[in-house]
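# Tertiary structure, described
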Amino acid sequence: MTFVPPSIDWAALAPIVIVLGAAVVGVLIEAFVKDAVRRMVQVILAVVALGAALVTVAWRWTVVQAQGPAELVGGAIVEDTPALMAQGVVLICAFLGMLVIADRVGGEDGFTPVAAGAPGSTYEAQARRLGLVQTEVYPLVLFSVGGMLVFPAASDLLTLFIALEVLSLPLYLLAGLARRRRLLSQEASLKYFLLGAFSSAFFLMGLALLYGYSGSVRFADLAAAVPAMVGMDVVLLAGVVLVLVGLLFKVGAVPFHSWVPDVYQGSPTSITGFMAACTKIAAFAALVRFLYAVVPGLTWDLSPLLWTIAILTMIVGTVLAIVQTDIKRMLAYSSVAHAGFVLLGVIALTSSGISSVMFYLLVYGVATVGAFGLVTLVRERDAEGNVTGEATRVEQWAGLGRRHPVLAVCFTLFLLSFAGIPLTAGFVGKFTVFAAAVEGGAWPLVVIAVLASAAAAFFYVRMIVLMFFTDPDQDAGSTVVRTEGTTAIAVAVCAVATVVLGVVPTPILSLTSEATKFML
Amino acid sequence: MQDTPLTNLAWLLIAIPLASAAVLLVGGRRTNAWGHWLGVVAAAAAALLGIGILIEMLGLPEAERIHDLHLFSWIPAGDLSVDAGLLVDPLSMTFVLLITFVGALIHVYSVAYMEHDENRRRFFAYLNLFVAAMLVLVLADSYALLFVGWEGVGLASYLLIGFWNQRTEYAVAAKKAFVMNRVGDMGMLIAMMLMFASIGAVDFETVFAAAEGTNEGILTATGLMLVLAACGKSAQFPLQAWLGDAMAGPTPVSALIHAATMVTAGVYLIVRSAPVFEGAPTAQLVAAIIGAITLLFGAIVGCAKDDIKKTLAASTMSQIGYMVLAAGLGPIGYAFAIFHLVTHGFFKAGMFLGAGSVMHGMGDEVNMRRFGALRRSMQITWITFGAGWLAILGIPPFSGFWSKDKIIEAAFVGEGWQPWVFGPIALLGAGITAFYMSRLFFMTFHGKARWKESEDSANESDKDLPVQHPHESPLLMTVPMIVLAVGSVALGGLLAIGDTFTHWLEPVTGHVEHHDPVIAIPVLIGATIAIVLAGAFIAWRQYAASAVPVTPPEGSVLTRAARVDLYQDAVNEAVFATPGARVTEVLTEADTTVVDGAARGLGSGAVGLGTWWGRLQTGFVRSYASIMVVGVVLAVVVVLATRV
Amino acid sequence: MTNPYVPLLVMGLLAFVMGLAGLLSSAVIGPKRYNKIKVDAYECGIQPSPHAASGRFPVKYYIVAMTFIIFDIEVVFLYPWAVAFTELATFGLIAMIAFLLLITVPFVYEWRRGGLDWD
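Notes on the structure in this doc start here. (Residues numbered from 1 in each chain as written. Chains lettered and ligands numbered in written order. Predicted model: local features only at pLDDT ≥ 70, side-chain atom pairs only at ≥ 80, totals over all residues. Heavy atoms only, no water.)

Another point: the packing of aromatic side chains. For the coordinates displayed, the defined rule picks out 40 aromatic pairs over all chains. Centroid distance W259(A) to Y264(A): 6.2 Å. Interplanar angle 80°. Geometry classified as edge-to-face. Ring centres of F401(B) and W402(B) lie 5.2 Å apart, and the angle between their planes is 75°; this geometry places the pair in the edge-to-face category. Look at W402(B) and you get partly exposed, because its relative accessible area is 23%. Ring-pair connections join several aromatic residues into one group, and the members of that group are Y172(A), Y192(A), F193(A), F249(A), W259(A), Y264(A) and F372(A). One cation-aromatic arrangement involves R60(A) over W59(A); the distance from NZ or CZ to the ring centre is 4.9 Å. (Phe/Tyr/Trp six-rings, centres within 6.5 Å; stacked < 30°, edge-to-face > 60°. Buried < 20%, exposed > 50% of the residue type's maximum accessible area, 1.4 Å probe, protein only. Lys NZ or Arg CZ within 6 Å of the ring centre and 35° of its normal.)

What follows is the structure, encoded as structure tokens:
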């Protein structure tokens, strides 16, 4: 047996290489650059890398349009329009998320000065006094984004698994870095890690079963082996279900959602925004590829499961969101409900299903980054009037619309988009996903989805009413801190995108509708 | 095809008020000085353009009066592509003129009415926004775009009801309206889904063309959902509860949105969807029944209310009940429904403005038991309100006579039990209407004054009465009232004589042969007038000729029930809110007891670790993990079950 | 037709049963007389250090352990590469150099940020 070295198309790999390369350079910067300028260098590197990767993705899109899709690195990764579309959407949200992460709102960034210090210890207090910063955040985010770029493009099960881990591990760490409420943050980190590892185990077990069934980890071989189901269908189905469990865990579908509220609440808010948007995009893109390209022959077997999960996800997410009193938890449960809505498009199994999912994810991602970005700005005051942690209790936002109309209007816009009110992007997103589901014959799901979104409107509207029509409670006084500008830019971009995508979605919709041909 | 330059500009109808709203909202305080006039100009410009289009349309032969203007392709998603386009035809133009003309008058009125409100600019921005959204609603050429306007007017209405949101109960009223409208909106969405599923399109042209060949079951379901949507927006039974509370908004808002235009959107929806209802007689019948119930419901509630605005709101509900009843009667009723809608738009808006004028002069008092004998101090208001009152009573030759009488006649047309039920109800409704509207009129303008001019009144019996200085409102307020009063007097006769209005709508509603009611028309007219006069006479005897107590008497069971809107809130609470809250509670309970309970149960095994951190941590993660395991096992079982 | 995985399944079941049987039987049959020595932590026969059972290890211990694991894994990759060195030729050489360089990056980070200073 002779070894044939795989040809490596560096141009096609450029987006991934740029992001991961920048992450590695970021680690070296941590090692060699002086404290005083390190943060600045890291921020510039991260923003430039994400921007450059986005431009490269756009360029590769034109190349793929002209020359057709291709296999890279011996078939471990493919470059096709759905992959590039997902990468583009991930990079847009990551770029905006990075702007929020990089902002030192109120004069300090959102991360602990020293992650290794025990909460409340003198060591931590000393680090805070010295003004240390944990700039490892930036390379970690870049590593995670690198994983998210590989995830939707992976074309064999092992690459898929490694991408999953590369995107997850930095997130576990980042979840524990919040500057305030350290215990909550560490708890979130540990929970996320344990449950993530747990789901990875299921994923890996499924992967093993699929390898056992087909004798190959390549998607193409697996897809070819699926129709041949003879005697081994139990192994195949169990493997597929376990792989789906791993992916559904990442998107936060019920019953694999338990981590979502705790982790979203405990993580640094800027990280929550990034994670909620980008992880979901990458995981859904991988899920769509897996269901549409690898195991389309199993639709009949899988649809009872997927229907059940979609229904549960929409209902549980919506109902539990209604009773939340913490904004981050409310947005977390709302993101669970949104996962259910996206599942509708996934279940449709039509080409408009793919494009609607992509569009929905873009819309959802943009509004999520914007909404969490705004949450970072609203702070509590203690008895002496010092600004402390984020004011995440719902009642602390009462009357915000009077004192900070611009902020409240932007937040309202994102909420309306989440609720799917016409002329916001969320409406078009929901509309296309529902239309695709109806087209795919899943109209009972659509009925439930419409009911769920009507019910969901309740808590979004309650929030709006609270901001604009309720007198602020003097005891729960909250204040808005100044941004360095980057959060403001990110929120403004998100707000504009939310409106524009709601009014003239056609250009983007026609773009996503070109991203429906999977290559194996 | 003739050239139609103005019609092609129909998009400006929407763009002008929208642009004005945008300028006012974005411009902020800088536009405070002239913002309200910009709002007035925008509304007036839209009205002028509307009149221009009308004149152009009148110059065309009947067959060419329907224009579909394509604007842009909005949502291309798979097989479904939704284009944004405007449908300019006699029906939509009728609404355009009503909205822009009455709207412009109310804008003018508001300049004076809101003069002392520091947020007047924002008020005008919302009003303009409302006008734009309402025009989108009536000009849309597809259900999807109509839905945009539908939600838009809902939003504007919500913002305006809650305009004085510093009062908690007003904000609550706004939320109530929003939530109840949401129920109707769901009907609209489901109707659209059904159309898309069965016909594959949601634009009027395709849907109506395909409606004939579509399964009656689907059409009935679609029709029922459309009726549900109409009930939400038009405050029809059983979704009527929000309208009374909506009176929390400033009075011009009540006049424009909650009397003349938005609340009639449901009637528009039913008439516009005529081809769907043609294939769904059950849905049509349901609409008629709902209209009949509401017209009685509103009328009964109206008899017991002491709040002048709430009485008018109940009356609006009742009058829209007439329109929905007419629309539910099928082709013979469509034109009359719209006709009554137009005349009602004038006289009811006029009366609301009159009520606003009374409140203006009486220090924002709304309780009619504190009014009385205002005709001397507010003569213009008295006369203009009187015109509206005679119109709603249906006294010939005032407007209401021509339109309401036609609906009563149409209700008596048909076979079987229907004419014998709908007809008498419509007739009875007219009598009750006469009673409560006369009650309102006499309690406000006639009888003895239940207030006093100054503190040092000689009369001992006056000592508990409030001091008021009623005065006539400024010109900016009285002129719109006068214009609307002229409409209340003459519009009906003008449009009804020679069936002008019915002919004008024919390109949309189709030509209908005359049907004879089961009772001869002259008898019907005579009976109607007799019952109306009887109602008015009873009211005169009770509220003008004899003294009205300042504190309301306890009243009969029916009166007490009517004062609390026939227990509508209690019913809603019991039927919808409580079970809904209970479901949520149960789920929360399950979350806390099952999930947390399991966590604590597991966690107690780890008490040795000592710290709360450890206990909570281990407990939660274990329980989460066990949820996941259960999920995985069930998932595998579900999938494999199909194989075994 | 027998599924080729049936023997595997049987073996798995057997292994499970054996393991469970051992645990159960010792729990049921075994004598339950505990003394201090019996419940103490077992440290390869030597006297257990007082901190091992209840206290914490210093965090530096973990850093060294993790550094060790990284190099351990590096070696795991180096062995097969050495075996197939001729076949993989230049491609393999370049790939391994890239791999080793990447492994070095976090090591450099650790060194520069004081992770290797014991005090």
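The subject of this paragraph is a nonpolar patch on the surface. Together, L423(A), V496(A), V499(A), V500(A), V503(A), V504(A), L9(B), W11(B), L71(B) and F72(B) give the surface a local cluster of nonpolar side chains, amounting to about 750 Å² of exposed area. Every element with two or more residues in the nonpolar patch is listed here: α19 (486–503) of chain A together with β1 (67–77) of chain B. For the nonpolar patch, the leading source of residues is α19(A), giving four residues. The partly exposed category is assigned to V500(A), whose relative accessible area is 39%. (Patch = residues over 30% accessible without salt bridge, like charges linked within 9 Å, V, L, I, M, F, W, Y side chains within 5 Å. Areas by Shrake-Rupley, 256 points an atom, 1.4 Å probe, with all protein chains shown as cover. Salt bridge = Lys/Arg side-chain N within 4 Å of Asp/Glu carboxyl O. Helix = DSSP H or I, 4+ residues; strand = E, 2+ residues; numbered from the N terminus.)

The partner chain A presents 63 residues to the 50 residues of chain B that form the contact. With both chains or domains summed, chain B and chain A bury close to 5100 Å², and 79% of this area falls on carbon and sulfur atoms. In this assembly, chain B and chain A are joined by zero salt bridges. The interface formed by chain B and chain A holds zero residue pairs in polar contact (both at pLDDT 80 or more) in total. Broken down by secondary-structure element, the contributors of at least two residues to the side of chain B that touches chain A are β1, β2 (80–88), α5 (143–161), α6 (168–198), α23 (568–604) and α24 (612–641) of chain B. With 18 residues, the single largest contributor to the side of chain B that touches chain A is α24(B). The class makeup of the residues in the side of chain B that touches chain A is 34 nonpolar, ten polar and six charged. (Contact = heavy atoms within 4.5 Å. Buried area = accessible area lost by both parts, 1.4 Å probe. Polar contact = N/O pair within 3.5 Å; in protein donor to acceptor, adjacent residues only side chain to side chain. Nonpolar A, V, L, I, M, F, W, Y, C, P; charged D, E, K, R; others polar.)

A cis geometry characterises the amide bond from V254(A) onward to P255(A), with omega recorded as 0°. The amide bond that connects P396(B) to the next residue, P397(B), takes the cis arrangement and shows omega of 0°. Residue placement: P397(B) occurs in the loop between α16 (379–393) and α17 (399–411). Located in the positive-phi region is R181(A), a residue other than glycine, with phi close to 50°. Relative to the helices and strands, R181(A) resides in the loop between α6 (157–175) and α7 (182–214). The residue L349(A) is not glycine, and still its phi comes out positive at about 55°. Inspection of the secondary structure assignment puts L349(A) in the loop between α13 (327–348) and α14 (351–375).

Residues and elements named next belong to chain A. Spatial strand order, β4-β3-β5: three strands in an open sheet with antiparallel pairing. Edge positions in the sheet fall to β4 (387–390) and β5 (478–480), since each has one partner strand and no second. Strand-to-strand, the axes of this sheet are offset by a mean angle of 50°, without reference to chain direction. Where strand β3 (residues 378–381) meets β5, three bridges bridge the pair, whose relative direction is antiparallel. Pairing of E380 across the sheet is with S478, part of β5. (Pairing = 2+ DSSP bridges. Axes fitted to C-alpha atoms, helices over the stretch in contact; angles between N-to-C directions.)

Below, the discussion takes up the pattern of salt bridges. For the structure on display, the rule yields 20 salt bridges over all chains. E108(A) serves as the salt-bridge partner of R179(A), at 3.7 Å between the closest nitrogen and oxygen. Separated by 71 residues along the polypeptide, R179(A) in the loop between α6 and α7 and E108(A) in the loop between α3 (81–102) and α4 (122–130) bring together distant segments of the chain. For E108(A), a relative accessible area of 22% translates into the label partly exposed. With a shortest N-O distance of 2.9 Å, D89(B) and R272(B) are connected by a salt bridge. Of this pair, D89(B) sits in the loop between β2 and α3 (90–113) while R272(B) sits in helix α11 (residues 265–272); the two residues are 183 residues apart in sequence, bridging distant segments of the chain. Neither D89(B) nor R272(B) differs from the other in exposure class; each is buried.

Okay, the pairing of β3(A) next. All names here are of chain A. Sheet topology note: the β3/β4 ladder contains two bridges and is antiparallel. Bridge pairing links R379 to E390 in β4. Hairpin connection between β3 and β4: a loop of five residues separates the two successive antiparallel strands, and G385 in this loop has a positive phi of roughly 90°.

Further remarks concern the packing of helix α5 (residues 137–150) of chain A against helix α11 (residues 269–294) of chain A. Residue and element names in this part refer to chain A. Packing of α5 against α11 leaves a shortest axis separation of 10 Å and a crossing angle of 15°. With respect to their mutual orientation, α5 and α11 come out roughly parallel. Two packed elements cross with a definite hand, and for α5 against α11 that hand is left-handed. Taking contact as the criterion, the partners of V141, S144, V145 and M148 in α5 are, on α11, I271, F274, C278, T279 and A282. Split into classes, the residues belonging to the contact of α5 with α11 amount to seven nonpolar, two polar and no charged. (Parallel < 35°, antiparallel > 145°, perpendicular 65-115°, else oblique. Left-handed = near helix turned anticlockwise from the far one by under 90°.)

Attention now moves to the interface of chain C and chain A. Counting residues at the interface gives 14 residues for chain C and 18 residues for chain A. Contact between chain C and chain A buries roughly 1400 Å² in total, counting both sides, with carbon and sulfur atoms accounting for 68%. It is F91(C), Y109(C) and R113(C) that lose the most area in chain C upon contact with chain A, and together they represent 36% of the buried surface on that side. The interface formed by chain C and chain A includes two salt bridges. In this structure, E30(A) and R113(C) form a salt bridge, with 2.8 Å as the shortest nitrogen-oxygen distance. Where chain C meets chain A, there are four residue pairs in polar contact (both at pLDDT 80 or more). Within the side of chain C that touches chain A, the residues separate by chemical class into ten nonpolar, one polar and three charged.

Right, let's get into the side chain of K280(A). Inspection of the secondary structure puts K280(A) in helix α11. The buried charged residue K280(A) lacks any salt bridge partner; its closest oppositely charged side chain belongs to D262(A), at an N-O distance of 14 Å. (Lys, Arg positive; Asp, Glu negative; His and termini not counted.)

In short, the description is geometric, and any link to function would need to be established separately.
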